[in-house]
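# What the coordinates show
Spelled out from the first residue to the last, the chains are:
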Amino acid sequence: MSAPLDCVTIEEAVDLCVGWASRDGAARPVGTHNVITLNSKTVVTIPDNPALRQSVEKASLVVADGVSISLAARAFRIPLPGRVTGIDLMTRLLEVAQQKRISCYFLGAREEVVQTLVAKLAERYPGLPIAGYHHGYFDRRGAGEVVRLVKAANPLFLFVAFGLPEAEIWCHTHGPATGAAVTMSVGGSFDVLSGTIRRSPFWMQKYGIEWLWRFALEPRKRFKVIFVDNVVFLWMVARAYLRGHRSPKA
């Protein structure tokens, strides 16, 4: 089992992203930085998906999202300061984007979901520069038109919600062509922030058992991710541990 992991707090992750999006006068930031929130499904999928492996290995920032990642880090004595969930990081970035006038683009989910998301964010973060949005139901083979739309909107933060591993691979492959300073795959965050799906109570978030809430809401959809993928992940961790391997640290 091997996957890069940056041992940062959520505050440090936000600072990095804001730094990458900072302007020098009228000049655009140089390069695109891809942010990946690592969970057990990502690690389990990597061995059979070279494109995902490359996306993770080449990412500018890989943070520990899932509880299983935190437990594995503890087993390998990796000094992880805590989890950085995708939705929490996205929310913090939106707060800073509102304050610092950092433009954002939202790509993914169904048309009605992303429209509702943008409307709610405009209310929640008055003055947030929303560069644009687009649903995620387009032919990935014809991504050029969507890339051109995003680039024309000129965003600094690009949040992508296609689901894993599509979003991670798309950000790595097409992110630089959009001109965005930061791309980030955000899983189901659009559904939660739009109000389409309720997030778990805070106490469940605190104790790392949001997975139980998600399973209760969508048992069929979540069964494989929560039970099958996590069992495979734990087996991979145990095998690596017994072999004396250590996951690479940033």
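Located above this text is the structure these notes cover.
Keep in mind the model is a prediction, meaning the values are calculated, not measured.

## Describing the sheet that holds strand S6 (residues 182-185)
- The 6 strands lie next to each other as S2-S1-S6-S5-S3-S4, forming an open sheet whose pairing is parallel. Looking at which strands have only one partner, the edges of the open sheet turn out to be strand S2 (61-64) and strand S4 (130-134). In this sheet, neighbouring strand axes are inclined to one another by 15° on average, regardless of whether the strands run parallel or antiparallel.
- Running at roughly 160° to S2, helix H1 (residues 10-21) makes contact with strand S1 (33-38), S2, strand S5 (157-161) and S6 of the sheet.

## Structural notes on helix H5 (residues 86-100)
- Relative to the 21 Å expected for 15 residues at 1.5 Å per residue, H5 spans 21 Å between its end C-alpha atoms, a close match to the ideal helical length.
- Listing the buried residues of H5 in full gives Gly86, Ile87, Leu89, Met90, Thr91, Leu93, Leu94, Val96 and Ala97.
- Once H5 ends, the next one or two residues include Arg101, with phi positive near 60°.

## Focus: the nonpolar core
- Counting residues in each nonpolar core, the largest one holds 40 residues, and the members touching the most others are Leu89, Met90, Leu94, Phe106, Phe157, Phe159 and Phe190.
- At the level of elements, H1, S2, H5, strand S3 (104-108), helix H6 (111-124), S5, S6 and helix H9 (189-193) are the ones that each hand at least two residues to this core.
- With residues up to four places along the chain from it excluded, the contact list for Phe190 reads Met90, Phe106, Leu107, Gly108, Ala109, Val113, Val114, Leu117, Phe159 and Ala161.
- By size, the runner-up hydrophobic cluster in this structure holds 23 residues, among which are Leu38, Val43, Ala72 and Phe76.

## Remarks on the side chain of His135
- Residue position: His135 is located in the loop between S4 and helix H7 (144-153).
- Reaching out from His135, the side chain makes a polar contact with the backbone nitrogen of Tyr137 at a distance of 2.9 Å.
- Not counting residues within four places of it along the chain, the set of residues in contact with His135 comprises Leu107, Gly108, Ala109, Arg110, Glu111 and Val114.

## Section: helix H4 (residues 67-75)
- When we look at burial in H4, the residues that qualify are Ser68, Ile69, Ser70, Ala72 and Ala73.
- Just beyond H4, the residue with positive phi is Arg77, at close to 60°.

## Side note on the pattern of salt bridges
- In the structure shown here, the tally under the stated rule is 6 salt bridges.
- Of the charged contacts in the structure, one is a salt bridge between Glu11 and Arg92, with a shortest N-O distance of 3.8 Å. Taken together, the residues span a long stretch of sequence, with Glu11 in helix H1 and Arg92 in helix H5 at a distance of 81 residues.
- For Arg110, the salt bridge is made with Glu112, and the minimal N-O distance between the two is 2.8 Å.
- A residue is classified by how much of its surface remains accessible, and Arg110, at 37% relative accessible area, is partly exposed.
- Overall, Glu112 belongs to the partly exposed group, its relative accessible area being 45%.
- Each of Glu11, Arg92 and Glu95 takes part in one network of salt bridges that share partners.

## Brief notes about a nonpolar patch on the surface
- Residues Phe227, Val228, Val232 and Trp235 make up a contiguous nonpolar surface patch of roughly 340 Å² in combined accessible area.
- Topologically, Val228 is positioned in helix H12 (residues 219-242).
- With a relative accessible area of 37%, Val228 lands in the partly exposed category.

So, how was this worked out
Residues numbered from 1 in each chain as written. Predicted model: local features only at pLDDT ≥ 70, side-chain atom pairs only at ≥ 80, totals over all residues. Heavy atoms only, no water. Pairing = 2+ DSSP bridges. Helix = DSSP H or I, 4+ residues; strand = E, 2+ residues; numbered from the N terminus. Axes fitted to C-alpha atoms, helices over the stretch in contact; angles between N-to-C directions. Contact = heavy atoms within 4.5 Å. Expected span 1.5 Å × (residues − 1). Buried < 20%, exposed > 50% of the residue type's maximum accessible area, 1.4 Å probe, protein only. Core = buried A, V, L, I, M, F, W, Y, C linked by side-chain atoms within 4.5 Å. Polar contact = N/O pair within 3.5 Å; in protein donor to acceptor, adjacent residues only side chain to side chain. Salt bridge = Lys/Arg side-chain N within 4 Å of Asp/Glu carboxyl O. Patch = residues over 30% accessible without salt bridge, like charges linked within 9 Å, V, L, I, M, F, W, Y side chains within 5 Å. Areas by Shrake-Rupley, 256 points an atom, 1.4 Å probe, with all protein chains shown as cover.

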